[in-house]
Each structure stands twice: as C-alpha cells, then as structure tokens.
Amino acid sequence: MGRRGSFAGLGLGLGLLLLVVLFTAFSLSAQEKKPFEGVVLNAYFIGGGAYEKLYTKIPEFEQQTGAKVNIAAKLSHFELNKRVAQEFASGGDIDVISTHTTFAPGQKDFLLPLNEYLTPEDLKDFTPSTIDASTVNGQLIMLPRHTDVRIMYYRTDLFEDPKEKEAFKAKYGYDLHPPTNWQELLDVAEFFTRPPDLYGFVFTGGEEPLVGTFYELLLSAGGNFFDEEGNVIFNQEPGQKALQLLVDLYYNKKVTPEGVPNYRWDEVAKAFRDGLIAFYFDWPGWYTLMKDPKESKVAGKFGLAPYPVGPAGYAKIWGGSHGFAVARYTKNPEAAVALIKFLTSGENLYFEAREGGFLPTSISAYQRIKEDAAKTGDPLDLKRLELLEQELAGYVPPPKIPEYQEIVSAIWPELQKSLVEGRDVKVSLDIAAEKVRKILGK
Amino acid sequence: MRSERYFPYFLILPSIIGLLLLIIFPLVYSFFLSFTSFHLLKAHSLRFIGLHNYWEILHDSAFWTALKNSLLFMVVVVNTELVLGLLLALLLNRASGGQGILRTLFMIPMMFPPVLVGLQFRWFFNDQFGLLNNILLSLHIIDRPIGWLVRSATAMPTVMFADIWQNTPFMTVVFLAGLLSLPLEPLEAALVDGATPWQRFRYVILPMLRPLIFIAMTIRSLDAGRKAFDLIMLMTGGGPAYATEILGTYTFRKAIVDYQFAYGAAISFLDMVLTVGFAVYLYRQLLKGRT
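Residues numbered from 1 in each chain as written. Chains lettered and ligands numbered in written order. Predicted model: local features only at pLDDT ≥ 70, side-chain atom pairs only at ≥ 80, totals over all residues.

**A closer look at the overall build of chain B**
And then number 1: Along its length, chain B carries 11 helices and zero strands.
And then number 2: Ordering the α and β elements of chain B from the N terminus gives α-α-α-α-α-α-α-α-α-α-α.
And then number 3: Rg of the C-alpha trace for chain B: 24 Å, well past the compact-globule value of 19 Å for 291 residues, more than 25% over.
And then number 4: Looking at chain B as a whole, 32% of its 291 residues are labelled buried.
And then number 5: At a minimum sequence separation of 6, the contacts of chain B that also span at least 24 residues come to 69%. (Helix = DSSP H or I, 4+ residues; strand = E, 2+ residues; numbered from the N terminus. Rg over C-alpha atoms; globule rule 2.2 N^0.38 Å. Buried ≥ 20, exposed ≤ 12 C-beta atoms within 10 Å, placed from the backbone. Contact = placed C-beta atoms within 7 Å.)

**Examining the interface of chain A and chain B**
And then number 1: Taken together, the contact between chain A and chain B spans 25 residues of the former and 25 residues of the latter.
And then number 2: Residue assignment for the side of chain A that touches chain B shows that the elements contributing at least two residues are α3 (77-89), α4 (104-107) and α18 (404-421) of chain A.
And then number 3: A total of eight residues in the side of chain A that touches chain B trace back to one element, the largest contributor, which is α18(A).
And then number 4: Of the residues assigned to the side of chain A that touches chain B, the class counts are 12 nonpolar, eight polar and five charged. (Nonpolar A, V, L, I, M, F, W, Y, C, P; charged D, E, K, R; others polar.)

**Some points on the sheet that holds strand β7 (residues 151-155) of chain A**
All names here are of chain A.
And then number 1: The antiparallel open sheet is built from three strands, whose spatial order is β8-β7-β9. Of all the strands in the sheet, just β8 (279-282) and β9 (302-305) have a single pairing partner and so form its edges. Averaged over all neighbouring strand pairs, the angle between strand axes comes to 30°, with direction disregarded.
And then number 2: Relative to β9, β7 is paired through four bridges, and the arrangement is antiparallel. Among the inter-strand pairings, R155 is bridged to a residue of β9, identified as F302.
And then number 3: Those strands touched by helix α17 (residues 379-393) are β7 and β9, and its axis lies near 25° from that of β9. (Pairing = 2+ DSSP bridges. Axes fitted to C-alpha atoms, helices over the stretch in contact; angles between N-to-C directions.)

**Some remarks on the sheet that holds strand β2 (residues 68-75) of chain A**
Residue and element names in this part refer to chain A.
And then number 1: Taken together, the five strands give an open sheet; going across it, the order is β2-β1-β3-β10-β6, and neighbouring strands pair in mixed fashion. The outermost strands of the open sheet, each flanked by one partner alone, are β2 and β6 (143-149). When strand polarity is set aside, the average angle formed by the axes of neighbouring strands in this sheet is 20°.
And then number 2: Across seven bridges, strand β1 (residues 40-46) lies against β2 in parallel orientation. Across the sheet, V40 pairs through a bridge with K68, a residue of β2.

**Structural notes on the environment of L72(B)**
And then number 1: Of note, L72(B) is situated in helix α3 (residues 61-94).
And then number 2: Taking C-alpha positions, L72(B) is 9.6 Å from M156(B), a pair spaced 84 residues apart along the chain.

**A word on the packing of helix α9 (residues 197-235) of chain B against helix α10 (residues 247-257) of chain B**
Residues and elements named next belong to chain B.
And then number 1: Between α9 and α10, the shortest axis-to-axis distance is 8 Å and the interhelical angle comes to 65°. Of α10, the residues touching α9 (which contributes G225, R226, F229, I232 and M233) are L247, G248 and T249.
And then number 2: The residue makeup of the contact of α9 with α10, split by class, is four nonpolar, three polar and one charged.

**As for unusual backbone geometry**
And then number 1: Across the junction of P195(A) and P196(A), the peptide omega takes the value 0°, indicating a cis bond.
And then number 2: Phi at N137(A) is positive, roughly 50°, even though this residue is not glycine.
And then number 3: In this structure, N137(A) sits in the loop between β4 (135-136) and β5 (139-140).
And then number 4: Unlike most non-glycine residues, A241(B) shows phi in positive territory, near 50°.
And then number 5: Looking at the secondary structure, you find A241(B) in the loop between α9 and α10.

**Some remarks on the nonpolar core**
Residues and elements named next belong to chain A.
And then number 1: With 120 residues, the main nonpolar core has F201, V202, F214, F272, I277 and Y280 as its most contacted residues.
And then number 2: The two domains that each donate at least three residues to this core are domain 1 (40-147 + 320-385) and domain 2 (151-316 + 403-441).
And then number 3: Apart from residues no more than four positions distant in its own chain, F214 is found in contact with A242, L243, L246 and L415.
And then number 4: Residues I46, A104, F324 and A335 belong to the second largest nonpolar core, which totals 40 residues. (Core = buried A, V, L, I, M, F, W, Y, C linked by C-beta atoms within 7 Å. Domains from an automatic or database assignment.)

**Considerations on the environment of Q99(B)**
And then number 1: Tracing the backbone shows Q99(B) in helix α4 (residues 99-111).
And then number 2: Taking the C-alpha atoms as reference points, Q99(B) and N167(B), separated by 68 residues in sequence, lie 20 Å from one another.

**Focus on the domain arrangement of chain A**
Residues and elements named next belong to chain A.
And then number 1: Each assigned domain of chain A is listed with its residue range as follows: domain 1 (40-147 + 320-385) and domain 2 (151-316 + 403-441).
And then number 2: Of note, the centres of domain 1 and domain 2, computed from C-alpha atoms alone, are 30 Å apart.
And then number 3: The set of elements that each furnish at least two residues to the side of domain 1 that touches domain 2 consists of α4 and α17.
And then number 4: The element contributing the most residues to the side of domain 1 that touches domain 2 is α17, with three residues.

**Overview of the pairing of β6(A)**
Residue and element names in this part refer to chain A.
And then number 1: Within β6, seven of the seven residues are buried, which leaves the element mostly enclosed by the surrounding structure.
And then number 2: Here six bridges tie β6 to strand β10 (residues 319-326), and the two strands are oriented antiparallel to one another. Directly across from V149, in β10, lies its bridge partner G319.

**Some words on the pairing of β7(A)**
And then number 1: Pairing of β7(A) with β8(A), which is carried by four bridges, proceeds in the antiparallel orientation. Of the residues in β8(A), the one forming a bridge with Y154(A) is F279(A).

Below is the structure:
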C-alpha cells in the first residue's frame, strides 16, 4: 500500500522531469541549429611539436559548427603521405589531410578541387605566391598554411672580424661580405675553410634536399626542369652551371665537410649550430634554436642575408607551403572545406605563427607577427621577417606534376655521382634527363 | 577411429591458416601484382601489362648494380665470417681459463638488432664526430676527417665491416659447438702418428666439420640480404650513388618511396627466385658430402 503508492509517485515525478528536460532540449536545439550537426570528419594531419599547436583550436570549430573532428593520424610527412596513399587506394573514410605544395600535385587524383567552394573574398588574405603554388592546372587543390623558404645564415664573428677582412681583401681584392653572387660564394667558402674545425660552406648532398638545392641554382642560372611544352631541359647549360657549382664546392675545392652526401636538413643545421660552418642556406624555422645558447654555439654570433644571385642575374628560391586539402570522395565536402578554411584563417595562422615561429601565408597574420618582432629588442628578429617577406613574394615550388617524387628519386643518384666521383656534369645530367624522359613517356 | 585419423590435421590447422594468410596469399598476390602497372597514387593503375615490368628490370642499370652489390656483399661477407668464425672457434677451443666468459663476450655483437648496429657504425664512421676519424686525427695520421660512408671506394667496405662485426659470432658459436662435439679418437690417432697442427686441422678436423660449414654458410647466405637492409639503410641509405644499393634497398626505394608497387613486386620476386635457387644449390652440395 505505502510502497506501491510511493513508486507511483516517483514514477510520475521522473516522467514529468523527463518531459521538461526533453522539451527544453528540443526548444534550445531548435533555436541554435548548427550547420554541420552530426557530421564526423576524419582528419589525417602532420604531427610533431610545433605543428600541433594549431589543432588546439579545433574544439572551437566543433563548438561553432556542431561537426566532430576525428584526428585519425598525426605523423611526419614521410609517414603521413604513405598512410594517406593507402587510405585513398583502399577507399577508406578520409575527409581532410595535411599536405604540402611539393606533395599535393602527386596526390591530385584524390583531392577535391576547391574552386567551386571558395570565393575570391575567401582567398584575399593569402599571399598570392602561395595560392599560385597550391594551384595545379587551374584547380586549387589545397589551402596553404605556412611557408618554408631558405635564407642565408652567416657568422658575424667571422665576417666582421677586422683581421679576417684584411686577409680577405689582400687575397681576393674586394671587401669581405656575405656573398652576393656565385663567384663570391666560392671565394668566401674557400677563404674560411680551415679543416677540421671550420669549413666555408655546407649543403644537403642527397635525395630530395639535394634536388631542391640543385633546382634553386638551376632557376637562378636561367634554366628549369621543363620548358613550356614539357620537354626536359635541365641538362642544358644552366643545369650544368648549377651542378658544376656544387661539384666545385664539394669535390674540387673541398670547402664543405666530407660527409655532405649523407647530410640532410638536420645535419647541416647541426653543423652550423656547432660552429663548424662560416655560412650556409637553411630554413627559417631553425632561428629560435640557433639563438638559444644552451643548444647553439653560435648564439648571438650569426646574421641573416639574402641569397646570392645566379649567372642569370637574379636569385630564385625553392620553397614550399604546408597546407590542408579535402579528399575527393569525402561525404561532407562543405564541412571539410569549412574546417580547412577555419584552420587557415588569419586569426588562427597568427596564433600558430606566434606560438611556433612559422611564416604564415596569411597577409594579415604576417603583418601582426612583424609588429610583434619589432618590439622584441633584437633587431635581427624583424630583419629576418622582412628578408623572408621579400623571398616569399617570389618563391618557386617544384614542378607541379604527379611524377615529381619519382623524378627526384631517379636523378639524385646521378647528381651525387658527380659530387662524389667528379663525373663530368654534362654526362650526369644527360643520364638523369634520359631517365626523366622515360618516366614521363611511360 | 575416424576422428583420431583427422585429429592431427585439426591441430596443425591454425598454423596452416596462418601460413596461408600471412605468407602464401601475399606471395601469390604480389606475384600477380608484378604483372600489372600498379602505382599506389595513380587511380585506375591496376592494369594487366604482362611481362613488361620484368622486361624493364632487365634493362634497368640500377637493378643490375643492386644485384651485383648483393652478390658481392654476400660472397665477401659470408666467406670472411666463415674464416674468422672458424679461427675464433679454434682459438676459443684452446683457451684454457675463462672460456665461458670469453664465449659470452664474443657473442655480444650477435645479440644486437641490426638497427642498433647500423646506428652504432653510422656514428663510428661519421665524418664530423665519429670515433674513427677522431682517433686518426688525434694521432695525426690524417689532417682532415675522411667521409668513410660517402666515398664510393670506402662505403661498401664499411658496411661489410659492420656486418662482419655483427655476424662472425654466429659462425664462431656454431663452429665451437661443432668442435666440442667432435670425437677425440681421430685427433688422438693423428697426434700419435706425428701430424702437425696444420695437418690435424686440414685432414681431421675440417672434413668432420664440413656439414656444419655448409649449414652455417646456407643460413648466413639466406640471411645476409635481410640483415644488411637495416645496416645499409641506416649507414649509407644505399648511397653514394648506388654504391651500396642491394636488391632489398632497391625494392624498398621503388615500392615504398616511389609507390611503384608492381615494379617492386617484380624485383622482389626475382630476388626470391635467386635466393631459393642458391639455397637449393647449397643444400645439394651439403648432401653430396654425405656418404
């Protein structure tokens, strides 16, 4: 009697409560219907340290749009590209990926062209050269995030030392300064080569880093990989001059450490940080590490300078932009595009640049970090950004063809043979050109 | 009765399923792939092209270089390890005191994964801060560091050195076990007959060790390419300019780096045919020795 009655009362009470809750929930959600409610986006991003700070903003996107972002993988680009390729090939559920202007052309078959989802207004804030680099055959296949271009780092304690300046002037007949053309580059490198404690120069002597370096020099000598019709032309005179410069530096004059053919990005940066090198070209991201006295023997002893011009009278710089792309067969193209727009907004790119030291592709973000740099008290901070801004305006990505990775694989051993054995540069380049013709003709 | 006959088959069924799924099926699929133009990043590239990949391989100079390097590597490394291993085993056999400790010490290199050995020697031969250059510079034998891993002439020898360092203990252990199990009577008879140490070795010990030598050589030959992959990838990456590129690393480059799965499948299939053929040959030699 009492128990039955109390159960009934409890049941009624709970039922009423449930009704009230449901009613409130319905009315609330009816007021704020989010655009991508219930959508789940699978994202495959580049991972590691500074890259991941941007992803801390994703909950904001989820909150605003109701979509849920599932980061299925966070890997280095080498691993990520393989993983993404597998997912594409096996028809996996993939919506958004991290990519790069160097890799995107190779992934083109599986990427959604963004032109119809974006207006010119959306693209207004991006540095034009980065949009250009992200466009293949008129189709925009990624939104750029931040850009890497190299710059010259040089040892101020060596270049500004009066005794060095005197000795240099006596030997070469002109004032010592960071080289402004290729002849000066050879002279200065030779002058500062005093093994085993000091070498004039260093560069990456193998694989894609070698090809990228060769590419820059090739462009600065007035050449290119292909002409307008797509014929292979890098084995002509500009290419020979470019390769000859590297061979002179490494093999003939020996002004670099001998291990250069095995050096990649980490090794060249470490060599300079250890005080072993007088000047070299490297990515701007190393800047903070270089200034840290705990990590770098050259903290406070280095400066930055623009690239020397090539025989063609100018310096063209190879670079690339990291960015985001949408998978062609995504089930939610609008949501995916909204996500990459969000991640590459001026505000978020400023946040990322401030936290991670990147060079944002957003014009407004770049202005803001320049303003911050002007206030740090180290004039080099602002100078660095100004030099880089000039380079960013005209940087050149590698040829935007899907076979690019294959071409790199095919030609770097031939270039290396000249470096390591002194094989005639024309012979090496002709062999490399033949291999590339075969790849493209296939 | 009936079920008893079939019971053993049930017991090995899991292994058979595992074998089928993990080895037979991928092998057959890979063989099938080698007749296509499959490229991981090119949609619709799974087209049948017959023997085209194999034809291309035969005209690929990099393939022939890799094959030559693989053979050279195997021949030099296996024979050197054989001789050194036998020598060490004979010495260890003679050691009167501390044999146990010496044996353990000598076996240490064998216990490392090839990846760690590769990293160790990459550091050892490094031009900037490697131990070898450091020693030579300190002794004023050279005045600038030598790039051991980047010179065409020294790259292959350094990789071979790393492999010999790691795998000689294996041979040593095998031969030591063999020596310890040899019957003493023939040796004592030879001593009584006045045979010199060399004669004792050449005419008594060596013939009795012959089967063991063949087994050790077979195992090492089949293994050489597989273990060398780690060493080479870490120390030289196959360079400089294909100087240390072997079939394994070349397959990796084509299939994984260039995404040309079909081409890589064809190379690895040829690699398998050669390896199995060689193993069959060695096994025949071994059987010939038995009377």
